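Report on the structure
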Amino acid sequence: MEVDKKKAVYYLGLAAMKGSVFARSNLGIIEHRSGNMDRALKHFMIAVRLGYSKSLEDIKEFYTNGQATKEDYMTALQSYQEYLSEIKSAQRDKAAAADERNRYY
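Here the structure is a predicted model, which means the values were calculated and not measured. (Residues numbered from 1 in each chain as written. Predicted model: local features only at pLDDT ≥ 70, side-chain atom pairs only at ≥ 80, totals over all residues. Heavy atoms only, no water.)

Turning to the overall build of the chain, a few remarks are in order. From N to C terminus, the chain includes 6 helices and 0 strands. Element order for the chain, N to C, with α for helix and β for strand: α-α-α-α-α-α. Every one of the 105 residues in the chain was classed for burial, and the buried ones make up 31%. For the chain, long-range pairs separated by at least 24 residues make up 33% of all intrachain contacts whose partners lie at least 6 apart in sequence. When the accessible surface of the chain is split by element, carbon and sulfur atoms take 51% of a total near 7,700 Å². (Helix = DSSP H or I, 4+ residues; strand = E, 2+ residues; numbered from the N terminus. Buried < 20%, exposed > 50% of the residue type's maximum accessible area, 1.4 Å probe, protein only. Contact = heavy atoms within 4.5 Å. Areas by Shrake-Rupley, 256 points an atom, 1.4 Å probe, with all protein chains shown as cover.)

Moving on, we get to the packing of aromatic side chains. Per the stated rule, a full pass over the model turns up 5 aromatic pairs. The interplanar angle of 75° and the centroid separation of 5.1 Å between the aromatic rings of Tyr-10 and Tyr-11 together place this pair among those described as edge-to-face. Their ring planes at 75° and their centres at 5.6 Å tell us that Phe-44 and Phe-62 sit as a pair that is edge-to-face. Of this pair, Phe-44 sits in helix α3 (residues 37-49) while Phe-62 sits in helix α4 (residues 53-64), and the two are 18 residues apart along the sequence. With respect to class, Phe-44 is no different from Phe-62; both count as buried. (Phe/Tyr/Trp six-rings, centres within 6.5 Å; stacked < 30°, edge-to-face > 60°.)

As a further point, take the side chain of Glu-31. Of note, Glu-31 is situated in helix α2 (residues 21-33). Apart from the residues lying within four places of it in its own chain, the contact partners of Glu-31 are Asn-36, Arg-39, Ala-40 and His-43.

This brings us to the pattern of salt bridges. Inspection of every chain in the model, using the stated rule, returns 2 salt bridges. Arg-39 is the salt-bridge partner of Glu-31, the closest N and O atoms lying 3.2 Å from each other. Across the pair Lys-54 and Asp-58 runs a salt bridge, and its minimum N-O distance is 2.8 Å. With Lys-54 and Asp-58 both in helix α4 and 4 residues apart, the pair spans about one turn of that helix. Look at Asp-58 and you get buried, because its relative accessible area is 10%. (Salt bridge = Lys/Arg side-chain N within 4 Å of Asp/Glu carboxyl O.)

Listed below in structure tokens is the structure:
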């Protein structure tokens, strides 16, 4: 089966615009593989603001490899902390304490 990469990127873009953090992260990966570091970083930053911790790890790796600045990484950390603050609740904390699989941070 032949893969239509342009069509795949188009549909990932649509999903990302609808709020899919997985699509947003995948767009970042595609841009990274294409050598478009600025665009990759932008996609990962958006995914981090939406609470996707994997993209935070990707930005950390960029920083470690000299592909992102300390300021970029600090901004990503702050965005992720803001996300965690927004979703924090006593019920979630109780569920996370009872079962490690329910951990949301």
